[in-house]
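Here are the chains, one letter per residue:
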Amino acid sequence: MAERTRRAAAVPAQERGSAPDPAPQAPAGLKDRGPAPDPAPRTPAGPKGRGPAPGPAPRTPARLDPVWALPPVVVLGLVFLYPLALVVQQSFSPENGGGAFDSYASVFASQSFREALGTTVWLAVGATVGCLVLGFTLALVIAFVPFPGARAVAKFIDVFLSFPSFLITLALLFVYGTVGMANGLVTDLTGAAEGPFHFLTTPWGVLLAEITYFTPFVMRPLLAAFSQLDTAQLEVAAGLGARPARIVRQVILPEARPALAAGGSLVLVMCLNEFGIVLFTGAKDVTTLPMLIYGKAILESDYSAACVVAVVNIAISVGLFGLYRVVGQRAGA
């Protein structure tokens, strides 16, 4: 054992291999601190070390002198407000003399005014309900049922909004009028003297024409609302086993209510003031407030009574328009 110890001690250091160099030691004071961080970027200091120099102040938009608003107000007053004021003044100035409210009392007591008011209201309400039902159904099909040409149909709705109302009525007359295509087809097949379709000259014909014309005014806000609907909700509902009717009732309809309210309010206002559809259908037994104004002013030359009916129509329209604006703001439309 002692002999082996002496031999190991006699082996040169080079034959036993060189010992590894000791690990480099960090300078004193930096041990266990990790790598030195990069120096923070310096910001230009302001005068006397008060912090970074402020940037240029934002420019405030230049405001026009309020005097520039005077010309548009004057033009608006002369073109619109002044004639409207003349209508209101004429309603309180009977041509045959008397008190200021005699014309109102006479008009309100007449049977023709009450019938015209009732006809106007029920036609407007009926057309609005029909437009809501039909517009909601068509918007659902266009937005959620894939079919070729869906985008083209949506674009056509925007174009349809620019059509005049009498054009739609004229098209219905070509189809369902007394000498229209439908009656002509029936008379050719049966040999009858006249066809069975005569509803266009009735209140139901006016109602059909108004629903046909005003339905796109409901579809437009509905399509905009459906385009913002998260389709993931529909997929989750369908994945949970909900049927299409339930998805429409519990997922789509709550999102569409603001758009329905805005579109319905707009249609109601427009139906109350519709004149061209009633005139072009030739419905002699259908007298609305605009038709009564036309009859009093043009046919009877009773301008005071016509102005009274016009003031009533304006009051109803302004009230409903205010309601439409409130509903539209809440709906974000």
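Here's a quick rundown of the structure.

Cut-offs applied
Position numbers for residues count from 1 along each chain, tracking the sequence in the order it is written. In keeping with the predicted nature of the model, local features appear solely for residues at pLDDT of at least 70, side-chain atom pairs appear and are counted solely at 80 or more, and the whole-chain, interface and lining totals rest on all residues. Based on all heavy atoms of the structure, the side-chain values leave hydrogens and waters out of the count. Labels follow the DSSP assignment, with helices taken as runs of H or I lasting at least four residues and strands as runs of E lasting at least two, numbered in each case from the N terminus. Burial classes follow relative accessibility: with a 1.4 Å probe on protein chains only, a residue under 20% of its type's maximum area counts as buried, one over 50% as exposed, and anything between as partly exposed. Contact definition: two residues touch when any of their heavy atoms are within 4.5 Å. A 1.4 Å probe and the Shrake-Rupley method give the accessible areas. Residues count as covered only by the protein chains that appear here. Definitions used throughout: a 1 Å grid over protein atoms alone; a cavity as a set of points that fits a 1.4 Å probe which cannot get out; a pocket as an open set with protein on both sides within 12 Å along at least five of seven lines; a lining residue as one with an atom within 4 Å of a point. Grid points are joined across faces, edges and corners, and a volume is the space filled by probe spheres set on the points. Surface patches are drawn from residues lacking salt bridges whose relative accessible area is over 30%; two like charges belong together within 9 Å, two nonpolar side chains (Val, Leu, Ile, Met, Phe, Trp, Tyr) within 5 Å. In what follows, salt bridge is the name for a side-chain nitrogen of Lys or Arg lying within 4 Å of a carboxyl oxygen of Asp or Glu. Ring pairs are drawn from Phe, Tyr and Trp, using the six-membered ring of Trp, whenever the two centres fall within 6.5 Å, and their geometry is named by plane angle: stacked under 30 degrees, edge-to-face over 60, tilted for the rest.

### Observations concerning the overall build of the protein
- Counting its secondary structure elements, the protein contains 13 helices and zero strands.
- Put simply, the protein runs from its N terminus to its C terminus through helices and strands in the order α-α-α-α-α-α-α-α-α-α-α-α-α.
- A burial count over the protein gives 30% of its 333 residues as buried.
- Partitioning the contacts of the protein with sequence separation of at least 6, the portion at a separation of at least 24 is 70%.
- Summing over all exposed atoms, the protein offers an accessible surface of approximately 22500 Å²; the carbon and sulfur share of this is 65%.

### Structural notes on empty space enclosed by the protein
- Considering all chains together, one arrives at one cavity of 30 Å³ or more under this definition.
- If you trace the largest cavity, you find it lined by Thr 120, Leu 123, Ala 124, Glu 210, Cys 271, Leu 272, Glu 274, Val 278, Thr 288 and Pro 290.
- Those elements giving two or more residues to the lining of the largest cavity turn out to be helix H4 (111-144) and helix H10 (244-272).
- In terms of residue count, the dominant contributor to the lining of the largest cavity is H4 (three residues).

### Considerations on a nonpolar patch on the surface
- Side chains of Val 67, Trp 68, Leu 70, Val 74, Val 75, Leu 76, Leu 78, Val 79, Phe 80 and Leu 81 sit close together on the surface and give an oily, nonpolar patch of about 1100 Å² of accessible area.
- With respect to the element layout, Leu 81 can be found in helix H2 (residues 70-91).

### Digging into the environment of Val 175
- Structurally, Val 175 is set in helix H6 (residues 165-176).
- As a C-alpha pair, Val 175 and Phe 197 span 22 residues in sequence and 9.6 Å in three-dimensional space.
- Discounting residues that sit within four places of it in the chain, Val 175 has contacts with Gly 180, Met 181, Ala 182 and Asn 183.

### Thoughts on the pattern of salt bridges
- Considering all chains together, one arrives at one salt bridge under this definition.
- In this structure, the salt-bridge partner of Glu 300 is Lys 296, at a minimum N-O distance of 3.5 Å.

### Things to note about the packing of aromatic side chains
- Tallied over the entire structure, the rule returns 19 aromatic pairs.
- Measuring from ring centre to ring centre gives 5.2 Å for Phe 166 and Phe 280, while their planes differ by 25°; the resulting arrangement is stacked. Separated by 114 residues along the polypeptide, Phe 166 in helix H6 and Phe 280 in helix H11 (residues 276-281) bring together distant segments of the chain.
- The interplanar angle of 65° and the centroid separation of 6.1 Å between the aromatic rings of Tyr 176 and Phe 197 together place this pair among those described as edge-to-face. Of this pair, Tyr 176 sits in helix H6 while Phe 197 sits in the loop between helix H7 (181-190) and helix H8 (203-227); the two residues are 21 residues apart in sequence, bridging distant segments of the chain.
- These aromatic residues form a ring-pair network of at least three members: Phe 156, Phe 160, Phe 163, Tyr 213, Phe 214 and Phe 217.

### Things to note about the side chain of Asn 183
- Here Asn 183 shows up in helix H7.
- Residue Asn 183 is classed as buried on the basis of its relative accessible area of 2%.

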